[in-house]
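Given next are the chains, with one letter for each unit.
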Amino acid sequence: MVLAAPPSIDDLLNRASMSPSPPPPSSHRSSSPLPNQAPNDEEDSSVGSDGLREGSTTSAPSHSRKRPADDLEQFAKSHGRNVRLKGDAQEDLRKFSALTLEQQMVWVAARFLAQETKLDSMQVESVYQIPPKLDDRIETYTFLMLVSPSISAYVTNDGPVKSLIKHLEKTPSWGLTAEVQSNKHKKRKLVCVQFPRRAGSNPIQLRQSVSAPVMDIVALCEAVLALGEKVSTAKPSIQLAARFAFLHNVYCTNMDTQTKKVGDNYWNLVDAKLEEIRNTKGPDVDKISQAFGIILWEDRKVFGNISLTELPATSTDAFDGDNDDDDT
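Every value quoted in this text rests on a predicted model; they were computed, and no experiment measured them.

Caption draft 1: The nonpolar core, seen in detail. By size, the foremost hydrophobic cluster in this structure holds 55 residues, and its most contacted members are Ile-217, Phe-244, Phe-246, Leu-247, Tyr-266 and Val-270. No other element matches helix H10 (residues 238–252), which puts ten residues into this core. Once residues within four sequence positions are removed from consideration, Phe-246 is found in contact with Ile-9, Val-270, Lys-273, Leu-274, Ile-277, Phe-292 and Ile-295.

Shown next as structure tokens:
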């Protein structure tokens, strides 16, 4: 059976402004707000970002060149092709061939020192092992944030990553200590590798669940929460059902009609719609709740009018990066 796609978020928001609230899914339903030295004029100024200067005013000593300049440049071009240099690398070799012997020595030394510094950094990062307790916290809280009905953005400005770091900094005993934060190599492994990896993989899994073609809202909640059953005991709630109905609506109203899929910009679309709701309905909490209530009501009409009377109104395990807990 082919089901019609639900009305778009824009249509539903307009409806919320023009009509009374829809019948509440249960008497217990409530919702929380989403919440920078210029070259000397007498010198050649054609210096690239790679540190190579073309057309140097100092000629190479005659004993340092076995070929005229044109022949040497041609040799560099030919040799670059032989070793399969491409693009910028081929151009660097051409510029290098025009330098004096002394300039070439300095250039080689600079490149060597840069590589040595990079290697030292990579070795420190590879040796550092993230403490198991910290690794567990990262996994738990990335999941809890992404299934929170009050998270304000999923990908915009690395919101979840920044919120997670801020939360973990409050309890150094978990492993994000002052020593780790002061060590740029260790912190880089966390901030540039571990946090984004965890916070990036969960939305992919979440989107795959939201893309289910025919699934009532309670089944959708249960399918998404099952992704984190090893780290969370979160249960469906009316508040969570409203958020997942919103995610489901953005997916259904933006998917390709042939492939039934949404592009990689799905989470940007979600964040844009969340911002639109806040701008048009906020800061009135009741209006925001009404908007999500209409979205949930419409989802149930299209994908299955399952009863929500047995669901709690709010998600007790919700974590949006702003609230704290006493778990140590």
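Caption draft 2: Structural view of unusual backbone geometry. In the Ramachandran plot, Arg-84 falls in the positive-phi region, its phi being about 65 degrees despite a non-glycine side chain. On the secondary structure map, Arg-84 appears in the loop between helix H2 (69–82) and helix H3 (87–97).

Caption draft 3: Local environment of the environment of Glu-276. Looking at the secondary structure, you find Glu-276 in helix H11 (residues 266–281). For Glu-276, the contacting residues outside a window of four places in its chain are Asp-10 and Leu-13.

Caption draft 4: Quick peek at the pattern of salt bridges. Taken as a whole, this structure holds four salt bridges when the rule is applied. Here Glu-91 and Arg-94 are joined by a salt bridge, their closest N and O atoms 2.7 Å apart. Here the residue Glu-91 and the residue Arg-94 both occupy positions in helix H3, the gap between them amounting to three residues, near one helical turn. Judged by its relative accessible area of 31%, Glu-91 is partly exposed. The partner of Lys-301 in a salt bridge is Glu-298, with the nearest N and O atoms 3.8 Å apart.

Conventions and cut-offs
- Residues numbered from 1 in each chain as written.
- Predicted model: local features only at pLDDT ≥ 70, side-chain atom pairs only at ≥ 80, totals over all residues.
- Heavy atoms only, no water.
- Core = buried A, V, L, I, M, F, W, Y, C linked by side-chain atoms within 4.5 Å.
- Buried < 20%, exposed > 50% of the residue type's maximum accessible area, 1.4 Å probe, protein only.
- Helix = DSSP H or I, 4+ residues; strand = E, 2+ residues; numbered from the N terminus.
- Contact = heavy atoms within 4.5 Å.
- Salt bridge = Lys/Arg side-chain N within 4 Å of Asp/Glu carboxyl O.

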